[in-house]
Amino acid sequence: MGGGCLRRRLCLGGTRTLPFVRRFTPREVEAATKGFTAVLEAGGPRGTATAYRARFAGGLVATVRRAAGSREGDSSSSKAAFYLELQLLARLNHRHVVRLRGFAEGHHARFLVFDHMENRSLKECLHDPLRTPLDWRTRLQVAIDIAAALEYLYYFCDPPVFHVSVNSGNVLMDSNFVAKLSDVTVISHDIKLATTESFQDQVEQRRAALVFQYGVLVLELVTGQSPGGDGELVQWVQEPGFAGSMHRMVDADLGGVYDARELRDLVIVARLCTRHGGGGDGDGGGGAVISIPQIVRYLQGKVERLGGEARC
């Protein structure tokens, strides 16, 4: 979906028209968030709120996020960068990427308005003891859908000027538990620069790091364990005898209800993704032995084959 629509250099006229998103007024945002009291996240400086649940007058339910650098002043360069980022984000069109619906700009703050994800983050779905555990089919579908979203961002958007960190906190779940990537950022507003050889080298490095992060996410889906900073899950899946302990590592919340072949396929993907994750920052700086498109084809093929066998 969406392919090389970013090829041409984007520019804003004096009207700053953004055809794909709606411009809200600061007053509309304040009313929709009940005076900024409907807080969803409070990860800003000194615990300030960064995201709010909003219900607009027309019935739209959305998540309002404070734009990065929204308190840096109203310089012309700051505004230009903000509008260029809006133009790029507004062109993202994928079922598994959270959609930008609009924006608002006031004297001291800028806001981005996104589709609201009713079931919040995958992290909460996996680790909140008060939540109903995700079943196996949902977990498998999350793995496939997030790989498809990453393929779109890093291979179909041409040139790939978007970046996202892959972790369970950045994967959001809608009302039907369909997974969507959030917190997508723009790493270059200059489309000409994004076609240079040095930029493409950076893209390849990000792709390798992305594969490693995806492998860790798959391990979290399978085991229900938080990755942590010590890399225990990665160490386990890289052990020569990992297959013998695979079923003991499955999340107990599944109650033993899962497909053994699908489990094997997911763990093999995670093993390949994290095989050369030897970078000092834990992001797989050593290069990858498998790519995101290969992961998508592999998992989709396995699921289609198993689905066909089940029907027979």
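In short, a report on the structure. (Residues numbered from 1 in each chain as written. Predicted model: local features only at pLDDT ≥ 70, side-chain atom pairs only at ≥ 80, totals over all residues. Heavy atoms only, no water.)

Things to note about the overall build of the protein
In terms of regular secondary structure, the protein is built from nine helices and ten strands. Burial statistics for the protein: of 312 residues in total, 47% are counted as buried. Sequence-distant contacts, at least 24 apart, represent 69% of the contacts inside the protein between residues at least 6 apart. Carbon and sulfur atoms make up 50% of the accessible area of the protein, which amounts to about 15,300 Å² in all. (Helix = DSSP H or I, 4+ residues; strand = E, 2+ residues; numbered from the N terminus. Buried < 20%, exposed > 50% of the residue type's maximum accessible area, 1.4 Å probe, protein only. Contact = heavy atoms within 4.5 Å. Areas by Shrake-Rupley, 256 points an atom, 1.4 Å probe, with all protein chains shown as cover.)

Points about the packing of helix α5 (residues 197-223) against helix α8 (residues 260-273)
Contact geometry for α5 and α8: axes closest at 8 Å, N-to-C directions at 145°. Once α5 is placed against α8, the crossing between them reads as left-handed. Each of Val211, Phe212, Tyr214, Gly215, Val218, Leu219 and Val222 in α5 lies in contact with α8, whose residues at this interface are Leu263, Leu266, Val267, Val269, Ala270 and Cys273. (Axes fitted to C-alpha atoms, helices over the stretch in contact; angles between N-to-C directions. Left-handed = near helix turned anticlockwise from the far one by under 90°.)

Notes on the pattern of salt bridges
For the structure on display, the rule yields 13 salt bridges. With its nearest N and O atoms 3.0 Å apart, the salt bridge here joins Arg120 to Glu124. The partly exposed category is assigned to Glu124, whose relative accessible area is 25%. Within the structure, one salt-bridge network assembled from shared partners comprises Arg23, Glu105 and Arg110. (Salt bridge = Lys/Arg side-chain N within 4 Å of Asp/Glu carboxyl O.)

Topic: the environment of Ala252
By secondary structure assignment, the location of Ala252 is in the loop between α7 (246-249) and α8. A relative accessible area of 69% means that Ala252 is categorised as exposed.

Considering the pairing of strand β4 (residues 61-66)
Two elements, strand β3 (residues 51-55) and β4, share five bridges in a ladder whose sense is antiparallel. Bridging across to β4, Arg55 finds its partner in Val61. Two successive antiparallel strands, β3 and β4, enclose a turn made up of five residues, where Gly59 displays a positive phi of approximately 100°. Relative to strand β6 (residues 110-115), β4 runs antiparallel, the two being bridged by five bridges. For Ala62, the partnering residue across the bridge sits in β6 and is Asp115. (Pairing = 2+ DSSP bridges.)

A closer look at the environment of Met117
Of note, Met117 is situated in the loop between β6 and α3 (122-127). Since its relative accessible area comes to 6%, Met117 is described here as buried. The sequence separation of Met117 and Val171 amounts to 54 residues, and the corresponding C-alpha distance is 10.0 Å. If we skip the residues at most four places from it in the chain, Met117 touches Thr63, Val98, Leu172, Met173, Asp174 and Lys180.

What about helix α2 (residues 76-90)?
Between its first and last C-alpha, α2 extends 21 Å over 15 residues, near the 21 Å set by a 1.5 Å rise per residue. Taken together, the buried positions of α2 are occupied by Ser78, Phe82, Tyr83, Leu86, Gln87, Leu88, Leu89 and Ala90. Looking at the packing, one finds that the buried side of α2 touches β1 (22-24), β5 (100-105), β6, β7 (162-163) and β10 (185-186). (Expected span 1.5 Å × (residues − 1).)

Comments concerning the side chain of Asn119
Locating Asn119 in the fold gives a position in the loop between β6 and α3. Taking relative accessible area as the criterion, Asn119 reaches 15% and is therefore assigned buried. A polar atom in the side chain of Asn119 sits 3.5 Å from the backbone oxygen of Ser175. Once residues within four sequence positions are removed from consideration, Asn119 is found in contact with Cys125, Arg131, Met173, Asp174, Ser175, Asn176 and Phe177. (Polar contact = N/O pair within 3.5 Å; in protein donor to acceptor, adjacent residues only side chain to side chain.)

Some details on α8
An ideal rise of 1.5 Å per residue puts 20 Å on 14 residues; α8 measures up with 20 Å between its terminal C-alpha atoms. Within α8, burial applies to Glu262, Leu263, Asp265, Leu266, Val267, Val269, Ala270, Arg271 and Cys273.

Quick notes on the sheet that holds strand β2 (residues 39-41)
Sheet architecture is open: six strands sit in the order β1-β5-β6-β4-β3-β2, paired in mixed fashion. The open sheet is flanked by β1 and β2, the only strands paired with a single partner. Direction aside, the axes of adjacent strands within the sheet are offset by 30° on average. Looking at chain direction, β5 and β6 are connected through five bridges and run antiparallel. Directly across from Ala104, in β6, lies its bridge partner Phe111.

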